[in-house]
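Overview (structure and organization)
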Amino acid sequence: MYDVRCTMYDVRCTMYDVRCTMYDVRCTMYESYIINNQTMTIQEIENQLVGEFASVDDWLDKYDLILDMGKSLPPIDPKYKTDKYIISGCQSKVWLFAEYREGKVYFMADSDAIITKGIVSMLVSVLSGQTPDAIQSAELNFIDRIGLKEHLSPTRSNGLASMVKQMKLYAMVFKMKG
Amino acid sequence: MSLNISDIRSDFPILSQTIYKRPLIYFDNAATTQKPIQVIRAISDYYEHDNCNIHRGVHYLSVKATEAFEEARREIREFINAPSTHEVVFTKGASESLNLVAASFGKKFLLPGDEVITTIMEHHSNFVPWQLICEEKGAVLRVATILPDGELDLENLYSLISERTKIIALTHVSNVLGTVNPIKEIIAYAHKQGIPVLVDGAQGVSHLKVDVTDLGCDFYCFSGHKMYGPMGIGVLYGKEKWLEEMPPYQSGGEMVKDVTIEKTTFNELPFKFEAGTPNVEGVMGLRAAVKYLKDLGMDEIRAYEDKLLQRAVSSLSAIGGVRFFGEAPGKASLVSFLIGDIHPFDAGTIIDKMGIAVRTGHHCAQPLIDHFGIPGTVRASFAFYNTADEIDRLAEAVARVKTMFK
């Protein structure tokens, strides 16, 4: 409905009042959600993220970077921040919603904890705008390469491991529906 | 006599390691305490020299292991001043002790419409078993509330008592708030009306001198691993008159007297409730832990841990914006807090990276956390091997969290 293209940044706005994290711009004209018209592959985005973290030595500085990513994640439309879209972890909650347009899956997500939200933001930027096949086969080893593997462990109880499963499930369902 | 903390620390090998290039600071003692070398050696000594199945054989090792096992029971009886060793049942831990009483007492004494009273500050272990047995028996679980500072609301608790009340099950010390409940007073009040009281002592035995005879409690449950002993071993103290009447919880070897195809008769107390080969290594470790605590002295432990608590409260308060949950007078040595509106998971993750182990989340006490309307807390729980310097480092970490998430 609000499907417009922001030519300057080559991104597309589909929803209200949210930001494009990839380009860090706000589409003021439409006050709309800008979804990156993804041209990079999953592997390329993963490499980019790993590169960003490679320059940071100290653990606390790494977390500063994660916090920034969390803060830049577009707020999810409140209608998706309900129990229907929740991925419950023991400690922090994740909300996840996906849309399928023109053969690509677009994810929107949020978390009540900022560190979780930072990692959610990375997963969204890596997988959003990709094809179902690419999402399903993504190994997502960047989390491990950055040194955040513990956060994706099912025992971490922050909902992230389940979030990845859910993202792949969305991809599978969209592909089946065509 | 005051404690020599540096000597004590040298008894705990795990404490001397570094994590994330920082010396480990262990403030998750309410989840489990670390084990002194005396406990670790008791376990390895048992396997090196005495391992045998107990209460069964007539041979040398079996007799030796059985004697050590029963001697441990006597020492634990003495530690909590139980009237008789018959009343000291070994279990897997406080959770199993609580499940045992809920299931067995409930089976025998609960009828549809009867009531069980517990409190909102209970660990799930002393909440869910009662919820389940009440559901099964058509009984009603009534839950006493707390005052704003985290004290149990006694007026509310007493108002819940009715002629249908069959038992009151409550914690000695809250694992989230640190509140030490006035259980002696509550027990006296309940007994006047003929109601038995079960006390969850999981957080009590490691911090306080516990005298079950003086308290008058009908049941007292605790775990070895929260009192410097091994995991997988715990104790149920129960008054003989109840344990005699209660049906067995599990069946198997050891707990039976005679088994024929038609009928089984059960062994005497405490063996009636100890089905199967027991956790002998656990009992050996627990025995060593009890000796360790007795040698230090529970009063000395309490006094030192209280100093740590006071320092934690004052240094965390000085940061500004730290909200404490549980400020009851005379509370045990733990602080549950939030830093402004920072999610406890975020705070805990950063505090961990600074080498400090704290617990975050709902601490298996969801009704209590819901009562406060928060996602959880950060909890730092102290033990006698912690130091004032470690508390100061926690305060630094908390200040760092506050800056990072502002």
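Just so you know, these numbers come straight off a predicted model, no measurement behind them.

Before going further, it helps to examine the overall build of chain A. When helices and strands are tallied, chain A shows 7 helices and 6 strands. Reading chain A from its N end, one meets helices and strands in the order β-β-β-α-α-β-β-β-α-α-α-α-α. Looking at the 178 residues of chain A, the share that counts as buried comes to 52%. Contacts spanning at least 24 positions in sequence make up 55% of the contacts within chain A whose residues lie at least 6 apart. By element, 52% of the accessible surface of chain A is carried by carbon and sulfur atoms, the whole surface being about 8,500 Å².

Another point: the side chain of E70(B). Here E70(B) shows up in helix α3 (residues 60-79). Not counting the four nearest positions on each side in its chain, E70(B) is found in contact with H55(B) and F271(B).

What follows covers unusual backbone geometry. The residue after L269(B), namely P270(B), is reached through a cis peptide bond having omega 0°. The residue P270(B) is located in the loop between β12 (264-266) and α10 (280-296) in this model. Phi at E102(A) is positive, roughly 50°, even though this residue is not glycine. When you line up the elements, E102(A) lands in the loop between β5 (93-101) and β6 (104-111). Non-glycine residue K21(B) carries a positive phi angle of around 65°.

Looking now at a negative patch on the surface. Together, E240(B), E244(B), E245(B) and E268(B) make up a negatively charged patch on the protein surface. On the secondary structure map, E240(B) appears in helix α9 (residues 240-245).

Moving on, we get to the pattern of salt bridges. In the structure shown here, the tally under the stated rule is 21 salt bridges over all chains. One salt bridge connects E71(B) with R74(B), and the closest N-O pair in it is separated by 2.9 Å. One end of the pair is E71(B) and the other is R74(B), both in helix α3 and 3 residues apart, which spans about a single turn. Using a relative accessible area of 26% as the deciding quantity, one classes E71(B) as partly exposed. A relative accessible area of 43% means that R74(B) is categorised as partly exposed. Across the pair K184(B) and D214(B) runs a salt bridge, and its minimum N-O distance is 3.0 Å. Taken as a pair, K184(B) in helix α7 (residues 183-192) and D214(B) in helix α8 (residues 212-215) lie far apart in primary sequence, 30 residues in all. Three or more residues are tied together by salt bridges with common partners; here these are K81(A), D110(A) and K117(A).

Attention shifts here to the side chain of T377(B). Residues and elements named next belong to chain B. Among the structural elements, T377 can be located in strand β17 (residues 377-381). Judged by its relative accessible area of 1%, T377 falls in the buried class. Side chain to side chain, T377 and H363 meet in a polar contact 2.6 Å long. Look past the residues within four positions of T377 in its chain and what remains in contact with it is F325, S336, F337, L338, P344, R359, T360, G361, H363 and I369.

Counting 156 residues, the largest nonpolar core has F107(A), M122(A), F142(A), M163(A), Y220(B), L316(B) and F384(B) as its most contacted members. Among the elements that line this core, the one with the most residues is α10(B), at 10 residues. L316(B) has contacts with V322(B), F324(B), V335(B), F337(B), L394(B), A395(B) and V398(B), leaving out every residue within four places of it along the chain. Ranked by size, the runner-up nonpolar core spans 24 residues in total, among them L100(B), L243(B), M246(B) and F273(B).

Right, let's talk about the state of the cysteines for a bit. Residues and elements named next belong to chain B. By the definition in use, this model includes 0 disulfides over all chains. The thiol of C134 is not disulfide-bonded; the next cysteine sulfur, from C221, is found 16 Å away. A relative accessible area of 3% places C134 in the buried class. Take C221: it sits in no disulfide, and the sulfur closest to it among the cysteines is that of C217, at 9.0 Å. Overall, C221 belongs to the buried group, its relative accessible area being 0%.

With that out of the way, let us pick up the sheet that holds strand β8 (residues 197-200) of chain B. Strand pairs in the sheet, formed through backbone hydrogen bonds, run parallel or antiparallel to each other. Residue and element names in this part refer to chain B. Within the open sheet, the 7 strands sit side by side as β4-β10-β9-β8-β7-β5-β6. Their pairing is mixed. Each edge of the open sheet is held by one strand with a lone partner, namely β4 (88-91) and β6 (140-144). Across this sheet, the average inter-strand angle for adjacent strands is 20°, counted without regard to direction. In this sheet, strand β10 (residues 234-238) lies alongside strand β9 (residues 219-223) in antiparallel orientation, the contact comprising 5 bridges. When the sheet's bridge partners are listed, F219 is paired in β10 with G238. Sheet strands in contact with helix α4 (residues 94-109) are β4, β7 (165-171), β8, β9 and β10, and its direction is about 150° off that of β9. Lying on the sheet, α7 is in contact with β7 and β8; it crosses β8 at an angle near 160°.

The rules behind the values
- Residues numbered from 1 in each chain as written.
- Chains lettered and ligands numbered in written order.
- Predicted model: local features only at pLDDT ≥ 70, side-chain atom pairs only at ≥ 80, totals over all residues.
- Heavy atoms only, no water.
- Helix = DSSP H or I, 4+ residues; strand = E, 2+ residues; numbered from the N terminus.
- Buried < 20%, exposed > 50% of the residue type's maximum accessible area, 1.4 Å probe, protein only.
- Contact = heavy atoms within 4.5 Å.
- Areas by Shrake-Rupley, 256 points an atom, 1.4 Å probe, with all protein chains shown as cover.
- Patch = residues over 30% accessible without salt bridge, like charges linked within 9 Å, V, L, I, M, F, W, Y side chains within 5 Å.
- Salt bridge = Lys/Arg side-chain N within 4 Å of Asp/Glu carboxyl O.
- Lys, Arg positive; Asp, Glu negative; His and termini not counted.
- Charge placed at Lys NZ, Arg CZ, Asp CG, Glu CD.
- Polar contact = N/O pair within 3.5 Å; in protein donor to acceptor, adjacent residues only side chain to side chain.
- Core = buried A, V, L, I, M, F, W, Y, C linked by side-chain atoms within 4.5 Å.
- Disulfide = S-S within 2.5 Å.
- Pairing = 2+ DSSP bridges.
- Axes fitted to C-alpha atoms, helices over the stretch in contact; angles between N-to-C directions.

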